[in-house]
Amino acid sequence: MADVKSEKFFKEMNIAFVIGDLDFIEKHIADDITWEMEGEKTIRGKEEFLSYVGAMDTNHDVKVTIDKVRTEGLQATVSGKMMVNEKDGNVKSYSYQDIYEVNSESGGKITNLISVVNEDK
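Let us look at the structure shown here. For clarity, every value in this text was computed on a predicted model and none was experimentally measured.

1. With respect to the sheet that holds strand β2 (residues 43–44)
Spatial strand order, β2-β1-β6-β5-β4-β3: six strands in an open sheet with mixed pairing. Of all the strands in the sheet, the pair left with one neighbour each is β2 and β3 (61–72). Relative to strand β4 (residues 75–85), β3 runs antiparallel, the two being bridged by 11 bridges. Counted as the bridge partner of valine 62 is valine 84 from β4.

In structure tokens:
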């Protein structure tokens, strides 16, 4: 069960994405989760969600900095920066914001995630 008042939990969830910790993620998402990513198709359902995260390339060097975690009611917002060292040697910097919604009726699991990522210039 996600502790919606816990900054620590949402930091751990963001790190689980970076390192590809599917076990941690699976424990904390609802079967009917929806993941909306700006500019991408919407992911629906636990199986599609885990498949998408599992296919993400975790074999490159990524440094994530979490600048702020704000919780309010059954929602949490995490914002920060990512530095990605790509295989060709280029380094790209991104700012991101993830908005999590938790449903108490689903055992406190994450039911909705909205992600906005912008490349820093």
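2. Section: the nonpolar core
Membership of the largest hydrophobic core comes to 26 residues, with the highest contact counts inside it found for Phe17, Ile25, Phe49 and Tyr100. Elements supplying a minimum of two residues to this core: α1 (7–19), α2 (22–27), β1 (29–37), α3 (46–55), β4, β5 (91–103) and β6 (109–119). Ranked by residue count, the leading element in this core is α1, at five residues. With sequence-adjacent residues up to four places away left out, tyrosine 100 is seen in contact with Phe10, Met13, Asn14, Phe17, Leu74, Gln75, Ala76, Val78, Ile110, Asn112 and Leu113.

3. Considering the pattern of salt bridges
Using the criterion set out here, one finds four salt bridges in the structure. A salt bridge links lysine 46 to aspartate 31; the nearest nitrogen and oxygen atoms lie 3.5 Å apart. One end of the pair, lysine 46, is in helix α3; the other, aspartate 31, is in strand β1, and 15 residues separate them in sequence. A relative accessible area of 15% places lysine 46 in the buried class. Judged by relative accessible area, which is 62%, aspartate 31 ranks as exposed.

The rules behind each value
Residues numbered from 1 in each chain as written. Predicted model: local features only at pLDDT ≥ 70, side-chain atom pairs only at ≥ 80, totals over all residues. Heavy atoms only, no water. Pairing = 2+ DSSP bridges. Helix = DSSP H or I, 4+ residues; strand = E, 2+ residues; numbered from the N terminus. Core = buried A, V, L, I, M, F, W, Y, C linked by side-chain atoms within 4.5 Å. Buried < 20%, exposed > 50% of the residue type's maximum accessible area, 1.4 Å probe, protein only. Contact = heavy atoms within 4.5 Å. Salt bridge = Lys/Arg side-chain N within 4 Å of Asp/Glu carboxyl O.

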